[in-house]
Amino acid sequence: GSSVEINRVAENTLDVRAIAEGAEITLDQAEYNNLNVRPRKYGVAIRITREMLEDANFNLLQHNIMIAGRRFGENENSLVVTALDAGANTITGAAAITVANITRAIQYLEDADKQATDFIIGFEVLNDLRNIDTFVEFQKVGNTEMLSRGFYGTLYGANVIRVSTNAGMTTTTSYMIDRNYAYVIAEKRPITVENFELPTFDLSGAALTQRIAVEPLRTNAIAIITTT
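Residues numbered from 1 in each chain as written. Predicted model: local features only at pLDDT ≥ 70, side-chain atom pairs only at ≥ 80, totals over all residues. Heavy atoms only, no water.

Caption draft 1: Highlighting the overall build of the protein chain. Looking only at helices and strands, the protein chain has seven helices and eleven strands in total. Against the globule reference of 17 Å for 228 residues, the protein chain gives a C-alpha radius of gyration of 24 Å, more extended than a compact globule. Structurally, the protein chain occupies a C-alpha span of about 85 × 55 × 30 Å along its principal axes. Contacts in the protein chain between residues at least 24 apart in sequence constitute 74% of all its contacts with a sequence separation of at least 6. Within the structure as shown, the protein chain displays about 13,300 Å² of accessible surface, and the carbon and sulfur contribution to it stands at 47%. A distance of 5 Å separates the average location of the 20 positive side-chain charges in the protein chain from that of its 28 negative side-chain charges. (Helix = DSSP H or I, 4+ residues; strand = E, 2+ residues; numbered from the N terminus. Rg over C-alpha atoms; globule rule 2.2 N^0.38 Å. Contact = heavy atoms within 4.5 Å. Areas by Shrake-Rupley, 256 points an atom, 1.4 Å probe, with all protein chains shown as cover. Lys, Arg positive; Asp, Glu negative; His and termini not counted. Charge placed at Lys NZ, Arg CZ, Asp CG, Glu CD.)

Now the structure itself:
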């Protein structure tokens, strides 16, 4: 299939200079380079006999399409996680994640003039957070969000996003990212559902496809925290 050319600005390529009175304003502009992304096609076909559709207590085809949609979502998350593994910054923790691990990841991004917008975690890291007293004890954090919801919506200004192991997430790894720079998604075909009939087999079905690719954009906008 065809590829997608994504223009990305080269960092620190436009400067502001001091200008003497009456002098011509200095010309400058940001420089750009291209990132070539080739989307791959993903798909699944579902076929169900007319007898099963007639005898079932619910619409089996519709239910299978719903499950397939979830699998497409998990696949997309998996592609994102793979892109995040290219992060330039790594923090090696111990058996459980610590507040110091999280704040060091934030500092890595800030050192690169990036902002920590999202904290992507698996379920084991989530359990570690639940056991850090800073986020649980009211006199320290000032609210009961962890106790009432089971997780924090934001930590140090970064949105906390839980990702299932079904989506390729390593449970002991987490990612602090700047969503504006970390990765890019190139989608040539959104999730498409085409229903079809096979009268000679007395079958009804649906074909689901998607053409998509995910690539890292700025690796210095990704900090990876690994624990054991």
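Caption draft 2: Focus on the sheet that holds strand β9 (residues 183-198). In space, the three strands of this open sheet follow the order β3-β10-β9, with antiparallel pairing throughout. Either end of the sheet is taken by a strand with one partner, and the two such strands are β3 (40-49) and β9. For this sheet the average axis-to-axis angle between neighbouring strands, irrespective of direction, equals 10°. Of the strand pairs in this sheet, β3 and strand β10 (residues 203-216) are connected by ten bridges, and their pairing is antiparallel. The residue bridging R47 from the neighbouring strand is G205, located in β10. (Pairing = 2+ DSSP bridges. Axes fitted to C-alpha atoms, helices over the stretch in contact; angles between N-to-C directions.)

Caption draft 3: Structural detail: the packing of aromatic side chains. A full pass over the atoms with the stated rule returns zero aromatic pairs. Taking NZ or CZ as reference, R104 lies 3.7 Å from the ring centre of Y108, over its face. Directly above the ring of Y181 sits K114, whose terminal nitrogen or CZ lies 5.1 Å from the centroid. (Phe/Tyr/Trp six-rings, centres within 6.5 Å; stacked < 30°, edge-to-face > 60°. Lys NZ or Arg CZ within 6 Å of the ring centre and 35° of its normal.)

Caption draft 4: Inspection of the side chain of D128 at higher detail. You can see D128 is positioned in helix α4 (residues 123-130). Buried charge D128 goes without a salt bridge, the closest partner of opposite sign being R130 at 9.8 Å. Beyond its immediate stretch of four places on either side in the chain, D128 contacts A95, A96, I97 and T227. (Buried < 20%, exposed > 50% of the residue type's maximum accessible area, 1.4 Å probe, protein only. Salt bridge = Lys/Arg side-chain N within 4 Å of Asp/Glu carboxyl O.)

Caption draft 5: Looking closely at the pattern of salt bridges. Using the criterion set out here, one finds five salt bridges in the structure. Here R50 and E197 are joined by a salt bridge, their closest N and O atoms 3.4 Å apart. Placement of the pair is R50 in helix α1 (residues 50-55) and E197 in strand β9, with a sequence separation of 147 residues. We classify R50 as partly exposed; its relative accessible area is 30%. On the basis of relative accessible area, E197 is assigned to the partly exposed category, the value being 47%.

Caption draft 6: Structural context of unusual backbone geometry. Here D113, not a glycine, exhibits a phi torsion of approximately 60°, which is positive. Topologically, D113 is positioned in the loop between α3 (99-111) and β5 (118-121). Notably, D202 is not glycine yet its phi reads approximately 55°, a positive angle. Locating D202 in the fold gives a position in the loop between β9 and β10. Residue class for D202 comes out partly exposed when judged on its relative accessible area of 29%.

Caption draft 7: Representation of the sheet that holds strand β11 (residues 222-226). Pairing in this open sheet of six strands is mixed, and the strands run β4-β11-β8-β5-β7-β6 from one edge to the other. Each edge of the open sheet carries a strand with a single partner, namely β4 (89-92) and β6 (154-155). Direction of pairing for β5 relative to strand β7 (residues 158-162): parallel, over a ladder of four bridges. From the neighbouring strand, D118 faces β7, where its bridge partner is N159. Docked against the sheet, α3 engages β4, β5, β6, β8 (173-177) and β11, running at close to 160° with respect to β11. Sitting on the sheet, α4 is in contact with β5, β6, β7 and β8, with an inclination near 110° to β5.

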